[in-house]
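Tertiary structure, described
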Amino acid sequence: MTDPRPDLAARWAATVAQARGPQTPHPAPAKAPDPAPYAANLLRRWAEPQRRYHTTDHLAAVLDRIDELAPHADDVPAVQLAAWFHDAVYRPDRSENEERSAALAERALPELGIDPARTSEVARLVRLTVTHDPAPDDRNGAVLCDADLAVLAGSPDAYAAYAAAVRAEYAFVPDPDFRTGRAAVLRQLLALPHLFRTPHGHDRWEHPARHNLSTELALLESGAGNADGAHDDDTTDCP
């Protein structure tokens, strides 16, 4: 498999350059720092050994889906930056990952010359990934949440790989507890009126995602699911 990190570093540099552009009356400093060390720091975080699903591959996939959904966003650079930070702090045994990730963005982005309004929007979007429940008029939030949840609409093989990777992140959770918590989360997701909030996401991903979630729930309820075939959307806090 090709290493996505060089491409991601280039994408980061392009996003930062765009985000430094006109947004509010607060221009970027004349000598804003080189974004490359910040990319290196973030990519090291995304490559930490405790990660199995929340890796650079997941980051690249979310950024690709944001590109696909860009016409639905009001501030594409803010959504892209939020994707970079949304799991930058990730410990599967902790519940404050999103808050710590948002705080990291609030420290790093002003240093990079990102204006206060856009920094605040990025941090808000990162915190939104706790619930994946944007308000009806939250176009940026809808794009980020749809991009993050698009994995639920993968092919059966892709969904199974996703499931196994997330289960591996929670290997410390005993199977009975994992099954109970996971089944509850699946029911919660399936009870939502819409998993995807953008028109494109709803039209393309809603049906296959519901099929995948329903299939997994049926396997868990029948006892056929196992540690390699079950996954966790929010047994702690991951989608």
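Below you will find a few notes about this structure. The structure presented is a predicted model; accordingly, all values stated were derived computationally and were not measured. (Residues numbered from 1 in each chain as written. Predicted model: local features only at pLDDT ≥ 70, side-chain atom pairs only at ≥ 80, totals over all residues. Heavy atoms only, no water.)

1. Side note on the environment of P208
Residue placement: P208 occurs in helix α10 (residues 199-222). Relative accessible area serves as the criterion here: at 26%, P208 is assigned to the partly exposed category. Once the C-alpha coordinates of P208 and A150 are considered, the two residues, 58 residues apart in sequence, prove to be 9.9 Å apart. P208 has contacts with L152 and A153, leaving out every residue within four places of it along the chain. (Helix = DSSP H or I, 4+ residues; strand = E, 2+ residues; numbered from the N terminus. Buried < 20%, exposed > 50% of the residue type's maximum accessible area, 1.4 Å probe, protein only. Contact = heavy atoms within 4.5 Å.)

2. Here we look at the packing of aromatic side chains
Taken as a whole, this structure holds six aromatic pairs when the rule is applied. Considering the side-chain rings of Y170 and F172, the 5.8 Å spacing of their centres and the 45 degrees angle between planes classify their relative orientation as tilted. By relative accessible area, which is 47% here, F172 ends up partly exposed. Connected via pairs of aromatic rings, a cluster forms that spans W12, W84 and F85. A cation over an aromatic ring shows up here: R51 above the ring of W46, its NZ or CZ 5.2 Å from the ring centre. (Phe/Tyr/Trp six-rings, centres within 6.5 Å; stacked < 30°, edge-to-face > 60°. Lys NZ or Arg CZ within 6 Å of the ring centre and 35° of its normal.)

3. Structural notes on the nonpolar core
Taken as a class, soluble globular proteins show a tendency for nonpolar side chains to be buried jointly. Judged by nonpolar contacts, the single largest core of 65 residues is most densely connected at W12, I66, W84, F85, L109 and V122. With seven residues, the single largest contributor to this core is helix α4 (residues 76-85). Residue contacts for F85: discarding those within four places in its chain leaves W12, L42, S101, L104, A105, A108, L109 and V126. (Core = buried A, V, L, I, M, F, W, Y, C linked by side-chain atoms within 4.5 Å.)

4. Quick look at α4
Burial runs high along α4: nine of the 10 residues are buried. Turning to α4, its buried residues are P77, A78, V79, Q80, L81, A82, A83, W84 and F85. Elements that come into contact with the buried residues of α4 comprise α1 (5-19), α2 (36-46), α3 (56-69), α5 (97-111), α6 (116-128) and α7 (139-149).

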